[in-house]
Amino acid sequence: MKLPLKIYVDDKPIIITRTSKLREEGHSLILHNMTPDHMWEALQAIVDPGIDIVFICDDHIDVVSDVLKKVFRVCEAAGGVVQNQQGQILMIYRLGKWDLPKGKWDDGETITECALREVHEETGLSGMQLLDKLTDTYHVYEQGGHTILKRTHWYGMSVQASTSLNPQQEEGISEVRWVSPEQLPSLLTNTYANIREVLEKNKNSK
């Protein structure tokens, strides 16, 4: 974990940053010092239709980490950006949005094992080669009366020969598709902001 840290709530960001000279402009809110109260205030503000972005300014990553553990139940996950020999990227269509394969980390496995397992389970693809780590993304959701902060570790992956694809329908996945660079922009109009960021990181890693 490092600063700045971007946490998505309903596809809008709360940004925790060291920059303390920000000026509140437009549809933004700025809070100074990372505290549980300020984190809850940010969560309430970001769902307001009149607020597009919230900043929390703090220089101390240890304080930020401690507050996040107090406010949220933290969930670790991993996923992959898989590219084939033709330069196509493997994407899934889940619950009305284009997405990348990912899922929760299980006890007893490494985070890289989790990434490879989840890609296989959600798409049916086998034979992936793990490449460099791309980035981490964070998003918040409610489940079972708890506020969950999911941290997803993203890795680049390559595959030499495509095996048959099989969408994991029990996870709400209705389609798995190889997407060319030319097709990608149209799909990205119907995805999540953090997925666009992951794909941009993958593009810049070449």
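Below: a short report on this structure. Counting of residues starts from 1 at the beginning of each chain's written sequence and follows it residue by residue. pLDDT decides what is reported in this predicted model: residues at 70 or higher carry local features, side-chain atom pairs at 80 or more are listed and counted, and totals for whole chains, interfaces and linings draw on all residues regardless. Hydrogen atoms and water are omitted, and side-chain values are computed over all heavy atoms in the structure.

### Quick word on the pattern of salt bridges
This is how the line gets drawn: A carboxyl oxygen of Asp or Glu within 4 Å of a side-chain nitrogen of Lys or Arg is what we treat as a salt bridge. Secondary structure elements are defined from DSSP: runs of H or I of at least 4 residues count as helices, runs of E of at least 2 residues count as strands, and each element is numbered from the N terminus.
In the structure shown here, the tally under the stated rule is 12 salt bridges. Here Arg117 ties to Asp106 by a salt bridge, and the two come within 3.4 Å at their closest N and O atoms. Remark: Asp106 occurs in the loop between β8 (102-104) and α3 (111-123) and Arg117 occurs in helix α3; sequence separation between them is 11 residues. The salt bridge partner of Glu109 is Arg117, with a shortest N-O separation of 2.7 Å.

### Describing the packing of helix α1 (residues 36-46) against helix α2 (residues 61-71)
Basically, it comes down to this: Each axis is a line fitted through C-alpha atoms, taken for helices only over the stretch in contact, and angles between the N-to-C directions span 0 to 180 degrees. Handedness of each helix crossing follows the sense of rotation of the near helix against the far helix: counterclockwise by less than a right angle gives left-handed, clockwise gives right-handed. Any two residues having at least one pair of non-hydrogen atoms within 4.5 Å are treated as being in contact. Note that Gly is not counted as nonpolar here; it falls among the polar residues with everything else outside the nonpolar set of Ala, Val, Leu, Ile, Met, Phe, Trp, Tyr, Cys and Pro and the charged set of Asp, Glu, Lys and Arg.
Between α1 and α2, the shortest axis-to-axis distance is 9 Å and the interhelical angle comes to 65 degrees. Classified by chirality, the crossing of α2 by α1 is right-handed. Taken together, the residues of α2 that come into contact with α1 (itself represented by Pro36, Met39, Trp40 and Leu43) are Val67, Leu68, Lys70 and Val71. Tallied by class, the residues present in the contact of α1 with α2 amount to seven nonpolar, no polar and one charged.

### What to know about the side chain of Asn202
Tracing the backbone shows Asn202 in helix α5 (residues 193-204). Discounting residues that sit within four places of it in the chain, Asn202 has contacts with Val81, Gln83, Ile89 and Leu134.

### Some points on the packing of aromatic side chains
The relation between two aromatic rings is expressed through the spacing of the ring centres and the mutual angle of the planes. What counts here: A pair of Phe, Tyr and Trp rings is counted when the ring centres sit within 6.5 Å of each other, with Trp represented by its six-membered ring. The angle between the planes then sorts it: under 30 degrees is stacked, over 60 is edge-to-face, the rest tilted. We count a charge as sitting over a ring when the NZ of a lysine or the CZ of an arginine lies within 6 Å of the ring centre and within 35 degrees of the ring normal.
In this structure the tally under the stated criterion is one aromatic pair. The ring centre of Tyr192 lies 5.6 Å from the NZ or CZ of Lys97, which sits over that ring.

### Some points on the pairing of strand β2 (residues 12-17)
Cut-off, in case you're wondering: Each residue's exposure class comes from its accessible area (1.4 Å probe, protein chains only) as a fraction of the maximum for that residue type: buried when under 20%, exposed when over 50%, partly exposed otherwise. In this analysis, strands are considered paired if DSSP registers two or more bridges between them.
For β2, the buried fraction is high: six of the six residues fall into the buried class. Both faces of β2 are covered, namely the face carrying Lys12, Ile14 and Ile16 and the face carrying Pro13, Ile15 and Thr17. The pairing of strand β1 (residues 5-9) with β2 spans five bridges and is antiparallel. Across the sheet, Leu5 pairs through a bridge with Ile16, a residue of β2. Both β2 and strand β4 (residues 53-57) contribute to a ladder of four bridges, which runs parallel. In the strand pairing of β4, Ile15 is matched with Phe55.

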